[in-house]
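Survey of secondary and tertiary structure
The chain contents come next:
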Amino acid sequence: RGYFLANIDIGGSGAVVAAPDHNTGPGGDYYFHWERDGALSTHALLATAGKLEDVDSHLQHYVQWVLKVQNQPDPHNIDIRTEPKYTIPDGKPFMGSWCRPQTDGPGLRAKTLAEYGMKLLEAGKEEYVKQNLWTGDKNKYNGGAVYHDLDWLVNNWQQNGCDLWEEIQSNDFFWGRYTMRASLEIGARFAEKMGDKASADHYRAVKSEIEKTLMAHYDGGFVFESQSRKKDSAVIEAFNVGDLDDGIFPALGKEVLGTVITLNDLFCNSYDINKKDSAAGVPGILYGRYENDNYDGGNPWVLLSASLAQLIYRQAGAVLQAGPPSSEIYGLLQKAYGIKANLSGKDLAEALLGAGDGVMLRIKKHVQDGDFHMQEQISRDTGMQTSAKDLTWNYANMVKAFKTRKAVAAAISAKQKLVIV
């Protein structure tokens, strides 16, 4: 967590550096605040904090950063809210060529700050919220940091934009759609707490329209990211970031499990390092970005492997809550993770916890020699780390996975005690 915190709130500016690495190889300089990475990392900071007071100063600085970057002219003739990244510490848009616009950023940022806002309201800090996040006055910060981003989202969710990896464009990425609908729901809850029922109703109406498009991404076997790039681990990240526990692509659903099975097959066969690790008895699997990726050699990514581990931990928790899975779902769990037959309750949850641990142990094998500093990628051939050093998104996904595991392990333990009594 110390490596993670070192990349947060740089110099008290509120900026989150993507990686403190000015020369990553083919990726060039990562010493920027990416709107997406910053929102996801700040959300991880908030979600994994022991208590709000532990991170409140960092979050307040992030709020001021967002207000600064939202309220400035854009040099590229797009909406400033869809810029990919900003220079640190001044918050100016990156002037070079890049994939623009990036339409997932406003929703991710709004979701993080709406959740922060609700925690502030619970702590009795309504005045700060009204001054910064939801002003109720479009002449002051365009209605506030959360309102301004959600206002863009409800009016532009169908706009063409860049994928998670900033390489191709579409108006229908699963990652974007699934996380957008989560942002609108969280935004609606926040708006209700601020007494703005009209905005809450509007957000939920648009959320409903987005949800009508989601099942078109399921081909009967797995969930694909877009028509032009189907097998993509952005979908795994979406399952975690966009989940609302509302039954739409649930962790134990056939759509999610089918996607894991499909990507397991892809990356087991694509990466020699997965074959070598398995032959050596190292559990788990390493995930990369997508089929036929060739960026920096097309390697496994730490952040995506950690995202898979978190998803498996969530599946373990879901087993405890949902009761015995159907025979169809159990068969998919066996195919995805190789678990034994006829497990149920805490035994099945423990088996899935072990599957998630396997992924984390495989990551550990390849990062421990560097004192657990985590680079962006792990070589598909040698297993050595490569590309951007100390990637913040890696640490964000790792701390989220650890927190999810801790909660599930505690639930399993509680169930064991209940059985004993």
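First, a word on what this report is: a plain description of the structure on this page.

Rules behind the numbers
- Residues numbered from 1 in each chain as written.
- Predicted model: local features only at pLDDT ≥ 70, side-chain atom pairs only at ≥ 80, totals over all residues.
- Heavy atoms only, no water.
- Core = buried A, V, L, I, M, F, W, Y, C linked by side-chain atoms within 4.5 Å.
- Buried < 20%, exposed > 50% of the residue type's maximum accessible area, 1.4 Å probe, protein only.
- Helix = DSSP H or I, 4+ residues; strand = E, 2+ residues; numbered from the N terminus.
- Contact = heavy atoms within 4.5 Å.
- Salt bridge = Lys/Arg side-chain N within 4 Å of Asp/Glu carboxyl O.
- Axes fitted to C-alpha atoms, helices over the stretch in contact; angles between N-to-C directions.
- Parallel < 35°, antiparallel > 145°, perpendicular 65-115°, else oblique.
- Left-handed = near helix turned anticlockwise from the far one by under 90°.

So, the nonpolar core
Judged by nonpolar contacts, the single largest core of 135 residues is most densely connected at Tyr116, Leu133 and Tyr337. Ranked by the residues each element gives to this core, the list is headed by helix 12 (residues 302–322), at 13 residues. Beyond its immediate chain neighbours, meaning those up to four positions away, Tyr337 contacts Leu257, Val260, Ile312, Gln315, Leu352 and Ala355.

So, the pattern of salt bridges
Scanning the model with the defined rule gives 30 salt bridges in all. With a shortest N-O distance of 2.6 Å, Asp104 and Arg36 are connected by a salt bridge. One end of the pair, Asp104, is in the loop between strand 2 (85–86) and helix 4 (105–122); the other, Arg36, is in helix 2 (residues 35–47), with 68 residues separating them in the sequence. No difference in accessibility class separates Asp104 from Arg36, as the two residues are buried. A salt bridge links Arg81 to Asp79; the nearest nitrogen and oxygen atoms lie 2.7 Å apart. Classification of Arg81 by relative accessible area gives buried; the value is 9%. The exposure class of Asp79 is partly exposed, given its relative accessible area of 27%. One network of salt bridges, with partners in common, ties together Arg181, Glu185, Arg189, Glu192, Arg204, Lys207, Glu211 and Asp246.

A few points about the packing of helix 2 against helix 4
Axis separation between helix 2 and helix 4 bottoms out at 8 Å; the angle between their running directions is 25 degrees. On the basis of their axis angle, the class for helix 2 and helix 4 is roughly parallel. Judged by the twist between their axes, the crossing of helix 2 over helix 4 is left-handed. On helix 4, the residues touching Glu35, Arg36, Ala39, Leu40, Thr42, His43 and Leu46 of helix 2 are Gly105, Pro106, Leu108, Arg109, Lys111, Thr112, Glu115, Tyr116 and Lys119.

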